[in-house]
Amino acid sequence: MSTLAGKVALVTGASSGIGQATALALSEAGAKVVAGARRTDRLEALAKDAPGEILPLALDVTDQRSVQDAVAATVGHFGALDIVVNNAGVMLSGMILGADTREWTRMVETNLLGSMYVVHAALPHLLRSKGAVVQISSTSGRTASPASGAYAATKFGINAFSEALRQEVTTQGVRVVVVEPGFVSTELTSHITDEAMQAAAKNMAGSMRTLQSEDIAAAVLYAVTQPEHVAVNEILVRPTDQTQ
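Calculation criteria
Residues numbered from 1 in each chain as written. Predicted model: local features only at pLDDT ≥ 70, side-chain atom pairs only at ≥ 80, totals over all residues. Heavy atoms only, no water. Helix = DSSP H or I, 4+ residues; strand = E, 2+ residues; numbered from the N terminus. Rg over C-alpha atoms; globule rule 2.2 N^0.38 Å. Contact = heavy atoms within 4.5 Å. Pairing = 2+ DSSP bridges. Axes fitted to C-alpha atoms, helices over the stretch in contact; angles between N-to-C directions. Buried < 20%, exposed > 50% of the residue type's maximum accessible area, 1.4 Å probe, protein only.

1. A look at the overall build of the protein chain
Part 1 of the argument: Secondary structure summary: the protein chain contains 7 helices and 7 strands in total.
Part 2 of the argument: The order of α-helices and β-strands along the protein chain, N terminus first, is β-α-β-α-β-α-β-α-β-α-β-α-α-β.
Part 3 of the argument: In terms of overall size, the protein chain behaves like a compact globule, its C-alpha atoms giving a radius of gyration of 17 Å where 244 residues would be expected to give roughly 18 Å.
Part 4 of the argument: If you take every contact in the protein chain between residues at least 6 apart in sequence, the share linking residues at least 24 apart comes to 68%.

Have a look at this one:
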């Protein structure tokens, strides 16, 4: 495929799961890809496996300077920035009573503020290229549930920020896409520190045919390969077996 030939994409959280699959899908479609994450060893392996050029880059989205440097490195290396996929995130499920609030801070800094920092740094370049911002949110950005309060708050925040962003930049040619996956088989649930919550996540995964990272990458690719006059602003993707 050469659908995205000549386009430059930056993908955050690209060392595993949805980010990794999306970087590969964009590369296969002809884009030049910058894969950003903290685990650079995994990024090196990703770059070797890619069908096209992938530049691995150390990136911590919670650090504004790291984000600014990553955007500058992307434009410096490839000369432009057309697509940003904000995927970096962490899910630390747990009840509100007795919660370790440091985990709340980590989720807010990574999921919400991190994506906001990336948009802030990338937006001048995306305005020049009339590019696209893809925000990986969640079904938890639509409906909160017990043990997901803080995580859902970050995803609701992403949705709200993205809609404000859309209204600010859509008439300038920048498209904003929110992708809301349901249960995806990734390492995300392994981050959960609460043993009961981690067991519940495993039971939930075992009860259904979960989505795969490649399913979400395909949704991202669909959105960013539409004609310029078509803005796919929201994609909700659940496993067929998932009821909520």
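Here the narrative resumes.
2. What about the sheet that holds strand S6 (residues 175–181)?
Part 1 of the argument: Strand order across the open sheet formed by 7 strands is S3-S2-S1-S4-S5-S6-S7, with parallel pairing between neighbours. Strands at the two margins of the open sheet, each flanked by one partner only, are strand S3 (54–58) and strand S7 (234–237). Direction aside, neighbouring strands of the sheet carry axes that sit 15 degrees apart on average.
Part 2 of the argument: Judged from the 5 bridges that link them, strand S1 (residues 8–12) and strand S2 (residues 32–37) form a sheet pairing that is parallel. Each bridged residue has a counterpart across the sheet, and for Ala9 the counterpart in S2 is Val33.

3. Quick notes on the environment of Ala9
Part 1 of the argument: Within the fold, Ala9 resides in strand S1.
Part 2 of the argument: By relative accessible area, which is 0% here, Ala9 ends up buried.
Part 3 of the argument: For the pair Ala9 and Val119, spaced 110 residues apart in sequence, the C-alpha to C-alpha distance is 13 Å.
Part 4 of the argument: When sequence neighbours within four positions are dropped, the list of residues in contact with Ala9 reads Leu26, Lys32, Val33, Val34, Leu81 and Ile83.

4. Focus on the environment of Gly79
Part 1 of the argument: Within the secondary structure, Gly79 is located in the loop between helix H3 (64–78) and strand S4 (83–86).
Part 2 of the argument: With relative accessibility at 56%, the residue Gly79 sits in the exposed group.
Part 3 of the argument: As a C-alpha pair, Gly79 and Ala5 span 74 residues in sequence and 14 Å in three-dimensional space.

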